[in-house]
Amino acid sequence: MSAYITLEHVLKEILEVIKPRQEDRVSRSQVIDELRGVIGSVESLRGATVEPYGSFASDLFTRWADLDISIDLCKGAYISYVERNHKPNLLKDLQNALSEKGGWCEMQGIPRARVPILKCKSRSQSISCDVSVDNLQGQMKSKLLFWISEIDDRFRDMVLLVKEWAKAHGINDSTSETFNSYSLSLLVIFHFQTCEPAILPPLQDIYTGNVADDLQGVRTVAERHIAETCSANIRRFRQDKFRRVNQSSLSELFVSFLAKFSDLESKASKQEICTYTGKWKDKRSDRNPIFIEDPFEQQENSARTVNMSGFGKISEAFESSHRRLISPDQNKDQGISTKKSLLATLVQERVSELIGRAYIVEGYSLQGSLRNPAYNGGGYRSQGAYGNVHLPSEAHTLFRNTRTSETQHLFRDMRIERCSNNSTMAETVQADHNQGQHSGDGERPNSSGFSVGSLLLGGLVAGIGYMYAPQIAKAADDLMRSFRNDSDEDSDVRTCLCICNRCYASHLGPGNHETEKHLRLNSAIDDVSAQLCADDAPNGAAVN
């Protein structure tokens, strides 16, 4: 078991919030389709294809990541590249077309970058894009990172966590002379190559040669050769029966990652980071404060945008974060104060807020009120469904054994007590939050909090009614309809029914009619109880 118990729990909570949902993937696909439609109308780009690359293509993106797009011009079967000085002109044509089409904003051309790009943002999806021309090397690097991530699931989790940590410390922005995301991914690869025992092999064992040099000739042939070579070597590595397996937890890997680079200022002055060989090697030039060799375009420094000022910021972030995480106070569970301290070190403010607002659920929802899938170590597990109610098998067993006569008393005794003030409500949420498991709900970023307690049992009863008792279902429908009508009018009341084994949350926003609506809810509950009394079977038979 990990020595960093609280940190391990917090890292999983972070992943639950920052990992993309299915709708995040769909929205990016829609942006790609929007661009395809516009490009088809640009004469100079007629026949071009739109190809994603970067973190989206390598599946190393977070929910808020930008989208990298390459416009590939059709030039027959052979690989050829548009002259660099012509690319800004093509991107300018695209910018004019986007302006004319509408639906795009924040457009800015960066023609003098090593890879000229057009920055733009889709209004409909609120997703920023970096568009380049004929970026075949970028596409191939993304595929290689995707294949590498298939070796060990911890790699993807670590990349996402490191990116979020770097953003929190302002060192994941190449425009401000710090790391780009590609460099951070290479740092994680190097860490996995040099930990004991190694999790990843030297990248020369996956592909011998320089990928950038091998992208020539017939495109399909070149890409197939690279893909088949990498696939065979990765398979060989994974099937090696004599390879020692690294059993480190995510928290142990994260702390050792910070430790490895905590004296980066000293090491980087003399050595380079080389993922191709999986070793530090002597620095070839003092021109850059840090040199992270690009393993797929060797001799190139993936961290070339880092200057001395940015490097000082990077070094401080590694050293201070490592010092905080190895503090004795952080190595044991000391409640919410420890978690807040960890979050302040690890994530941006918006992620910390989402974790703080998460209700105590386990991914099961009624009427679609909770949109997060069940979290399973970063994956998405399928859920059994009955109509609109999604329940774990334990909940089905619980409901089958619940008697209608018992549900009467639950409804009859359930009353809402008005919170005396906002601080009382916050204390109620905080107390419950400390005892449970968090589930980030990024779809409710503006919610202010949830009062959990007095309606706890009601959620279970509502689920019982929907699944097994038509008379309860009718009454519960009337109850929910009453709330929906009010919330649709003035957004004053938002009711979220969340079925898990312990949670039924009702969020009551501030307003002048709060007392009246509490009374109306109590009246509706009494009506439910009365109907149950009238329809109850005399023998109290179990609901089937």
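Right, let's walk through the structure included here. (Residues numbered from 1 in each chain as written. Predicted model: local features only at pLDDT ≥ 70, side-chain atom pairs only at ≥ 80, totals over all residues. Heavy atoms only, no water.)

**Some remarks on the overall build of the chain**
Scanning the chain for helices and strands turns up 20 helices and 15 strands. Taking all contacts inside the chain whose residues are at least 6 apart in sequence as the whole, residues at least 24 apart take part in 70%. In the structure as shown, the chain presents an accessible area of about 25,300 Å², 47% of it carried by carbon and sulfur atoms. (Helix = DSSP H or I, 4+ residues; strand = E, 2+ residues; numbered from the N terminus. Contact = heavy atoms within 4.5 Å. Areas by Shrake-Rupley, 256 points an atom, 1.4 Å probe, with all protein chains shown as cover.)

**A closer look at the sheet that holds strand β1 (residues 49-53)**
Taken together, 5 strands build an open sheet; the order of strands is β1-β2-β5-β4-β3 and the sheet is mixed. Each edge of the sheet is formed by a strand with only one pairing partner; in this case those strands are β1 and β3 (104-110). Recorded for the sheet is a direction-independent mean angle of 25° between the axes of neighbouring strands. The pairing of strand β4 (residues 117-122) with strand β5 (residues 127-133) spans 5 bridges and is antiparallel. Each bridged residue has a counterpart across the sheet, and for L118 the counterpart in β5 is V131. (Pairing = 2+ DSSP bridges. Axes fitted to C-alpha atoms, helices over the stretch in contact; angles between N-to-C directions.)

**Remarks on unusual backbone geometry**
Along the chain, E196 connects to P197 via a cis peptide bond; the corresponding omega equals -10°. Relative to the helices and strands, P197 resides in the loop between α7 (181-194) and α8 (211-214). Positive phi is not limited to glycine here, since D59 has a value of about 60°. With respect to the helices, strands and loops of the structure, D59 is situated in the loop between α3 (55-58) and β2 (67-72). With relative accessibility at 19%, the residue D59 sits in the buried group. Phi is positive for E177, which is not a glycine, with a value near 60°. (Buried < 20%, exposed > 50% of the residue type's maximum accessible area, 1.4 Å probe, protein only.)

**Overview of the pattern of salt bridges**
In total, this model carries 22 salt bridges according to the counting rule given. Here E196 and R244 are joined by a salt bridge, their closest N and O atoms 2.6 Å apart. You can see E196 sitting in the loop between α7 and α8 and its partner R244 sitting in the loop between α9 (219-238) and α10 (250-260), a full 48 residues away along the chain. Comparing E196 with R244 shows no difference in burial state: the two are exposed. With a shortest N-O distance of 3.0 Å, E223 and R219 are connected by a salt bridge. Of this pair, E223 and R219 both sit in helix α9, 4 residues apart, roughly one helical turn. On the basis of relative accessibility, which here comes to 17%, the residue E223 falls in the buried class. Within the structure, one salt-bridge network assembled from shared partners comprises R114, K141, D294, E297 and E300. (Salt bridge = Lys/Arg side-chain N within 4 Å of Asp/Glu carboxyl O.)

**Observations regarding the nonpolar core**
In terms of nonpolar packing, the biggest core is built from 74 residues, with I14, F179, F254, F318 and L346 touching the most fellow members. Setting aside its immediate chain neighbours within four residues, I14 contacts L161, L343, L346, V347 and I355. (Core = buried A, V, L, I, M, F, W, Y, C linked by side-chain atoms within 4.5 Å.)

**Topic: the sheet that holds strand β6 (residues 271-274)**
A sheet is described by the order of its strands in space; here 3 strands give the open sequence β7-β6-β8, paired in mixed fashion. Because the sheet does not close on itself, it has two edges, and the strands there are β7 (279-282) and β8 (292-293). Relative to β8, β6 runs parallel, the two being bridged by 2 bridges. Residue pairing for β8: I273 is matched across the bridge by I292.

**Some points on the environment of P88**
Positionally, P88 belongs in helix α4 (residues 87-101). The exposure class of P88 is partly exposed, given its relative accessible area of 22%. Those residues in contact with P88, other than ones at most four positions away along the chain, are P111 and P116.

**Looking at the packing of aromatic side chains**
Counted according to the given criterion, the structure contains 9 aromatic pairs. Grouped by ring-pair contacts, the aromatic residues W165, F190, F257, F261, W280 and F318 constitute a single cluster. A cation over an aromatic ring shows up here: R243 above the ring of F237, its NZ or CZ 4.2 Å from the ring centre. (Phe/Tyr/Trp six-rings, centres within 6.5 Å; stacked < 30°, edge-to-face > 60°. Lys NZ or Arg CZ within 6 Å of the ring centre and 35° of its normal.)

**Considerations on the packing of helix α5 (residues 136-149) against α9**
In the contact formed by α5 and α9, the axes pass within 11 Å of each other and the chain directions differ by 20°. As the angle between them shows, α5 and α9 are arranged roughly parallel. Where α5 crosses over α9, the two elements pack in a sense that is right-handed. Facing α5, whose interface residues are L136, Q139, M140, K143, L144, W147 and I148, α9 presents R219, E223, I226, A227, C230 and I234. Tallied by class, residues from the contact of α5 with α9 come to 9 nonpolar, 1 polar and 3 charged. (Parallel < 35°, antiparallel > 145°, perpendicular 65-115°, else oblique. Left-handed = near helix turned anticlockwise from the far one by under 90°. Nonpolar A, V, L, I, M, F, W, Y, C, P; charged D, E, K, R; others polar.)

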